[in-house]
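# Close look at the chain arrangement
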Amino acid sequence: MSQVGTEASPLRVAVVGAGPTGFYTTDYLLKQDRLIVEVDMFERLPTPFGLVRYGVAPDHQKIKSVTKVYDRIAQNPRFRFFGNVELGKQISLADLRNHYHQIIFTTGAQSDRRLGIPGEDLEGSVPATEFVAWYNGHPDYRDYQVDLSCEHVVVIGVGNVAMDVARILCRTPEELAVTDIADYALEALTASKVKHVTIVGRRGPAQAAFTTPEIKELGELADTEAIVLADEAELDPLSQSALASGSDRSTAKKVEIIQSYVERKPTEKSRTLTLRFLVSPIELIGDETGRVAAVRLAKNELYATDAGSLRSRQTDEVETVPAGLVFRSIGYRGIPLEGVPFYENWGVILNKEGRVIDPNSQTAVIGEYTAGWIKRGPSGIIGTNKPDALETVTHMLADAEAGATLNPSDACADTAAAFVAQRQPRFISYDDWLKLDEMELSRGEAQGRPRVKFTSVEEMLAAIGK
Amino acid sequence: MNVRQILAKKGINVITIRPDRQIREAVTLMSRHHIGALVVVNSDGNPVGIISERDIVRRAAEDEALFGLEVQDIMTSDLVIGVPQDDISSVAQTMTKKRFRHLPIVENGDLVGIISIGDILKAERDQYLGEIDTLETKIQAESSQPE
């Protein structure tokens, strides 16, 4: 095979998944000057940006502005976007191998982890990730039904997703109306009867995964009082000494804010948001109709592992709290792609620094790579995917220079595009997306909102005449 | 951030050695795989010790014939073992305090990986880089659309 990565024979790369990692990968591939690279990005939804569009909470618009960076990346003439094209549906892995020298999977973590406790599947017990997708107008979830007619909601988990869900449930209609939340969600949340939201974390305040700005934000809600129980805010001796010995100022700050909520009492505000620590759900209890009615919680204590981290274990002390709705938010989880080695235990593609690894030979699968959450699991924030993508791209370029790529039968950009158009005539190009974006923004402007999203694929395709 | 996120991109193939192998073999394995320590496992695959560059250097200073010794003669058998759920910041503190640089990780009884202090530094650096980038994005958003 002749050298790839030249003007005559560019290195052709397929990026599967249009979230932040897909864009950072593209950026690193296109802005280096060792090889000439062409990138085609495939996305199963018509719209790019993954969890920035469908995960980041609608009241966090500043973070969403990171898409301006992605827009700039997409302007590179060696980049093309094929939205509404799904791997395993309209195109297969074999098809990609026929048209590209390298394939990189940046599909993220699309499903949720389960609690593994009795009652988990009762009606009214739902993954927080589905609720998030619903209020963000994800086309797969627009018909999702969430019953907000109850007074008590329990959110299980203390990560950023749990915080988002609790906050969205506690925002006033006025606070939500200035966001790009889906119209139907705004309507449903305006009619919500929810009065008390409880977030439960199995470890203590010093181990909570949420960040300082997020906990601070809970204390600043217009019509909801944030409350922490005094005995749960108090640090146990192990956490105290861990904080005292380290130079972990951000955790110290976080704990300080949590403790400042202890003094707060229910006021004239209409809702309460209670943060509970050192409790684990052990059972969801249903009513006679099979709907969740309460959560049984066990009190936890902390112990130190050999390696020094503080884990929780249940004690005999148990309590029951009312809950007409339970959101399970103990983490996202990747789902396998057909034909791509997957490590089930951790929900990631089996890889070594981004090179996909064959489980039998333990060697790299030539031409296949991964980055982002499907590579390392759901951790960090949007920007964390940048160094992660760079690590993989470094190996992609080194492998390409060493001649270790796939050997596509047809590595031509035009025939690849023709092939995609034949398999999915209604694919969305980046220009199509920019038109949709413009329409959403102007619909938003008319209502004094940042944007009003299209929430169904058909609606999007119709809007751009496809 | 926990240990699992570091392990997830290291593959699941852990380079191990048996206690009765020679130091010569341990050195060859470390060199070939560019690693600084080997987990020593018994015939059931259970970790019984760890042998690191430091163990070898320390012994080499006093015994030039060390290559013919067995791994079990110089390995550290007082082994700290981690789990994938261990917090990275806690592991970093423990490594500094107890002065060791490699932590074997066991999940459901199986050895699934080894974390070095270098892995931890890299993970923490990437986390900070990510935070800086996200903060910059927020600041740019604030300056471009004053509220």
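The structure we're discussing is the one just above.
Residues numbered from 1 in each chain as written. Chains lettered and ligands numbered in written order. Predicted model: local features only at pLDDT ≥ 70, side-chain atom pairs only at ≥ 80, totals over all residues.

## A few points about the overall build of chain A
Counted only if it meets this: Elements are defined by DSSP. Helices are runs of H or I of four residues or more, strands are runs of E of two residues or more, and each kind is numbered from the N terminus. Within these notes, the globule rule equals 2.2 Å times the number of residues to the 0.38 power, and the radius of gyration is based on C-alpha atoms. Burial in this document is a count-based property: other C-beta atoms within 10 Å of a residue's C-beta are tallied, and the residue is buried at 20 or more, exposed at 12 or fewer, or partly exposed in between, with C-beta positions derived from the backbone. Any residue pair is listed as a contact if its two C-beta atoms, each placed from the backbone, are within 7 Å.
Regarding its fold elements, chain A presents 18 helices and 20 strands. Compactness check: chain A gives a C-alpha radius of gyration of 24 Å against a globular reference of 23 Å for 466 residues, within 12% of the reference. When burial is assessed residue by residue, chain A has 48% of its 466 residues classed as buried. Expressed as a percentage of contacts within chain A between residues at least 6 apart in sequence, the contacts between residues at least 24 apart total 76%.

## Some points on the sheet that holds strand β11 (residues 279–286) of chain A
The pairing of strands in a sheet happens through backbone hydrogen bonds and is either parallel or antiparallel. Residues and elements named next belong to chain A. Defined as follows: We call two strands paired when DSSP finds no fewer than two bridges between them. Between N-to-C directions, angles span 0 to 180 degrees; the directions come from axes that are lines fitted to C-alpha atoms, helices contributing only their stretch in contact.
Spatially, β11-β12-β13 is the arrangement adopted by the three strands of the open sheet, whose pairing is antiparallel. Lying at the two open borders of the sheet, with one neighbouring strand each, are β11 and β13 (310–322). Neighbour-to-neighbour, the strand axes of the sheet open up by a mean angle of 20°, direction not taken into account. Pairing of strand β12 (residues 292–304) with β13 involves ten bridges; the strand directions are antiparallel. Residue pairing across strands places A298 opposite V318, the latter belonging to β13.

## Looking at the nonpolar core
Heads up, the rule is: Here, a nonpolar core means buried Ala, Val, Leu, Ile, Met, Phe, Trp, Tyr and Cys residues linked by C-beta atoms lying within 7 Å of one another. The split into domains, and so the bounds of each, comes from an automatic or database assignment of domains.
In terms of nonpolar packing, the biggest core is built from 151 residues, with V13, V155, A162, V165, A166 and V326 of chain A together with I115 of chain B touching the most fellow members. The element contributing the most residues to this core is helix α7 (residues 160–170) of chain A, with eight residues. The residues that make up this core include at least three from each of domain 1 (11–110 + 334–463) and domain 2 (112–329) of chain A. In contact with V326 of chain A, not counting residues within four places along its chain, are G124, S125, V154, I156, L284, V292 and V295 of chain A.

## Some words on the interface of chain A and chain B
So the rule is basically this: Put simply, Ala, Val, Leu, Ile, Met, Phe, Trp, Tyr, Cys and Pro go in the nonpolar bin, Asp, Glu, Lys and Arg in the charged bin, and everything else, Gly too, in the polar bin.
The interface of chain A with chain B comprises 38 residues on the first partner and 34 residues on the second. Looking at the side of chain A that touches chain B, the elements that each hand over two or more residues are α3 (61–64), α12 (237–245), β13, β18 (351–352), α14 (373–376) and α15 (385–401) of chain A. Here the side of chain A that touches chain B takes three residues from α15 of chain A, the largest share from any one element. Partitioned by chemical class, the residues of the side of chain A that touches chain B number 13 nonpolar, 15 polar and ten charged.

## Considering the sheet that holds β18 of chain A
Residues and elements named next belong to chain A. On the basis of which strands lie adjacent, the open sheet formed by seven strands has the order β3-β2-β1-β4-β20-β19-β18 and mixed pairing. Only two strands of the sheet have a single neighbouring strand rather than two, namely β3 (79–83) and β18. In terms of strand pairing, strand β19 (residues 355–357) meets strand β20 (residues 364–370) through two bridges, oriented antiparallel. Bridge pairing in β20 places R355 opposite Y369. The sheet strands contacting helix α1 (residues 20–31) are β1 (11–16), β2 (37–43), β3 and β4 (102–105), and the helix crosses β2 at an angle near 170°. Its contacts with the sheet put α15 on β1, β4, β19 and β20, and the angle it makes with β20 is roughly 145°.

## Remarks on the packing of helix α6 (residues 128–135) of chain A against α7 of chain A
Residue and element names in this part refer to chain A. Rules: Oblique is the label for any angle not covered by the other classes, which are roughly parallel (under 35 degrees), roughly antiparallel (over 145) and roughly perpendicular (65 to 115). Each crossing gets its hand from how the near helix is turned against the far one by less than a right angle, where anticlockwise is left-handed and clockwise is right-handed.
Interhelical geometry of α6 versus α7 gives an angle of 55° and a closest axis separation of 10 Å. Between α6 and α7, the angle falls in the class oblique. Of the two possible hands of crossing, α6 and α7 adopt the one that is left-handed. Along its contact with α6, which presents A128, T129, F131, V132 and Y135, the element α7 presents V161, A162, D164, V165 and I168. Of the residues belonging to the contact of α6 with α7, the class tally is eight nonpolar, one polar and one charged.

## Quick word on unusual backbone geometry
With a phi close to 65°, N84 of chain A is a non-glycine residue in the positive phi region. Locating N84 of chain A in the fold gives a position in the loop between β3 and α5 (93–99). Judged by local crowding, N84 of chain A falls into the buried class, with 21 C-beta atoms found within 10 Å. Within the chain, H34 of chain B stands out as a residue other than glycine whose phi angle is a positive 55°. Take H34 of chain B: it is sitting in the loop between α2 (23–33) and β2 (37–41).

Bear in mind that shape data such as this cannot, by itself, settle questions of function.
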